Amino acid sequence: MSDTAFSSRTVLVTGATSGVGYETARQLAERGATVLLHGRTAEEARAAADALVATAGVAEGQLCTYAADFARLDEVEALARKVVAAHPHLNVLVNNAGMAAPERHTVTADGNEIAFQVNFLAHYLLTCLLEPALTSDPGGRVVNVSSALHRTASIQWSDPNRARRYSRLAAYAQSQLALTVFAADPRVTAVSVHPGVCDTALLPLYAHEGVSPSEGAAHVVRLCDPAAEIVNGAYYDRDERVAPAPAATEDRTVRRLTKLADLLVDRSA
């Protein structure tokens, strides 16, 4: 059931071992793309690839597995090095990996609040490091799987770790706003998409019931299609382009976030 638009494309999906990420990887592979499956551990990534071969009839040669724990930025750097070495031309990066912020304020070994790092900083770093591969051919793009909850958020510039006043919902929403703002960064063409409230591990943050992950994934896959015209920084609520939170389109906020993220991931510009 390969689709000519996807047959020559290589797509990296982060957090591809479950939920919307797994379904996104499945739909892309079924349409003929070469899919790089990222999981937190090598075992989880391998299990996802095996499941796709066994249940979706995907050819093993279309799948490559990668592991990195996004709570460790050195693992994100190693992931980027491996991907660039093996795939110097990357067509799409789907920044999907995400976690609900924990009940208690938790800081990673890198010194960042864990949801801010896993949901945003790791993707920021990964995208920056993959920029040569994403821009080696025209049309490379990044699809950030964001959330409608970004509208409820503010970025605490003086305390992005929220050490002074922590709330798991505010921490999660802040990470999603940062990811949405980052799509307007001019270095790589990027969009954000809220795939709808899906029945995944993040469901308790939103509601009691949600649509199937495959329904959410279809909105992500559509934006990976080279035929889908996209505008850098655009935000989609499922299949509809809508205005994101005002902060996501302010040049000053974009510049300020880039500066903060570079500082927190220790990237000297």
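Refer to the preceding data block for the structure.
The shown structure was predicted, so the numbers you read here are calculated from the model rather than taken from an experiment.

Spatial strand order, β3-β2-β1-β4-β5-β6-β7-β8: 8 strands in an open sheet with mixed pairing. Edge positions in the sheet fall to β3 (63-67) and β8 (240-242), since each of these pairs with one other strand and no more. Here the strands of the sheet are splayed against their neighbours by 25° on average, with no regard to which way each runs. With 5 bridges connecting them, strand β2 (residues 34-39) and β3 associate as parallel partners. Paired with H38 across the two strands is Y66, which belongs to β3.

Where helix α2 (residues 19-30) meets helix α3 (residues 42-56), the closest approach of the two axes is 11 Å, and the angle between their N-to-C directions is 50°. One element, α2, and the other, α3, form an angle in the oblique class. Seen from above, α2 lies across α3 with right-handed handedness. Contacts between α2 and α3 involve Y22, A25, R26 and E30 from the first element and A48, A51, L52, T55 and A56 from the second. Taken together, the residues of the contact of α2 with α3 break down into 6 nonpolar, 1 polar and 2 charged.

Moving on: the pattern of salt bridges. Inspection of the entire model under this criterion finds 11 salt bridges. R168 is the salt-bridge partner of E103, the closest N and O atoms lying 3.2 Å from each other. Taken as a pair, E103 in the loop between β4 (92-95) and α5 (114-134) and R168 in helix α6 (residues 168-182) lie far apart in primary sequence, 65 residues in all. A relative accessible area of 61% means that E103 is categorised as exposed. Three or more residues are tied together by salt bridges with common partners; here these are E23, R26 and E30.

Here the focus is the pairing of strand β6 (residues 190-194). Burial analysis of β6 places 5 of its 5 residues in the buried class, the great majority of the element. Neither face of β6 is open: one carries A190, S192 and H194, the other V191 and V193, and all of them are buried. Pairing geometry for strand β5 (residues 141-145) and β6, over 4 bridges, is parallel. Looking at β6, one finds that N144 is bridged to S192. Of the crossover connections in this fold, the one passing from β5 over α6 to the parallel β6 is right-handed. By the bridge criterion, 3 bridges tie β6 to strand β7 (residues 235-237) in an arrangement that is parallel. Following the sheet pairing, S192 is matched in β7 by Y235.

One non-glycine residue, R162, lies in positive phi territory at about 55°. Mapped onto the fold, R162 is located in the loop between β5 and α6. Relative accessible area serves as the criterion here: at 6%, R162 is assigned to the buried category. Unlike most non-glycine residues, R238 shows phi in positive territory, near 55°.

The largest bend along α5 measures about 35° and falls at C128, with the proline P132 one to four residues further on. Burial analysis of α5 places 18 of its 21 residues in the buried class, the great majority of the element.

Applying the stated criterion to the full structure yields 4 aromatic pairs. Ring centres of F116 and F120 lie 5.4 Å apart, and the angle between their planes is 50°; on these two criteria the pair is classed as tilted. Residue F116 and its partner F120 are located together in helix α5, separated by 4 residues, close to a single helical turn. We classify F116 as buried; its relative accessible area is 0%. Ring plane angle 55° and centroid distance 4.9 Å describe the contact between Y124 and F182, whose orientation is recorded as tilted. Linking Y124 in helix α5 with F182 in helix α6, this pair joins segments that are 58 residues apart in sequence. F182 matches Y124 in its accessibility class, with the two residues each being buried. Among the aromatic side chains, those forming a connected cluster through ring pairs are F116, F120, Y124 and F182.

Scoring rules and cut-offs
- All residue numbers refer to position in the chain's written sequence, counted from 1.
- Local features in this predicted model are restricted to residues whose pLDDT is 70 or higher, and side-chain atom pairs enter the listing and the counts only when it is 80 or higher, whereas totals over whole chains, interfaces and linings include all residues.
- Water and hydrogen atoms were dropped before computing side-chain values, which therefore reflect all heavy atoms in the structure.
- Two strands pair under a simple rule: DSSP has to find at least two bridges between them.
- In DSSP terms, a helix is any run of H or I states spanning at least four residues, a strand is any run of E spanning at least two, and both are numbered starting from the N terminus.
- As a rule, the C-alpha atoms of each element are fitted with a line to give its axis, helices using only the stretch in contact, and angles between N-to-C directions run from 0 to 180 degrees.
- With respect to orientation, any angle under 35 degrees is reported as roughly parallel, any angle over 145 as roughly antiparallel, any angle of 65 to 115 as roughly perpendicular, and every other angle as oblique.
- Here is the rule for handedness: rotate from the far helix to the near one, and if that takes an anticlockwise turn smaller than a right angle the crossing is left-handed, while a clockwise turn gives right-handed.
- The contact criterion used is simple: two residues touch if any of their non-hydrogen atoms lie within 4.5 Å.
- Polar here means any residue outside two lists: the nonpolar Ala, Val, Leu, Ile, Met, Phe, Trp, Tyr, Cys and Pro, and the charged Asp, Glu, Lys and Arg; Gly therefore counts as polar.
- Salt bridges are identified by distance alone: a Lys or Arg side-chain nitrogen within 4 Å of an Asp or Glu carboxyl oxygen.
- Remark: exposure states derive from per-residue accessible area (1.4 Å probe, protein chains only) relative to the maximum for the residue type, with buried under 20%, exposed over 50%, and partly exposed in between.
- We call a crossover right-handed when, viewed with the strands running away from us, the connection from the first strand over the helix to the second turns clockwise.
- Bend at a residue means the angle formed by two fitted axes: the first through the 7 residues ending at that position, the second through the 7 residues beginning there.
- Only centres within 6.5 Å qualify two rings of Phe, Tyr or Trp (six-membered ring in Trp) as a pair; their planes then separate them into stacked at under 30 degrees, edge-to-face at over 60, and tilted for everything else.

Any functional reading would require information that these geometric values do not contain.
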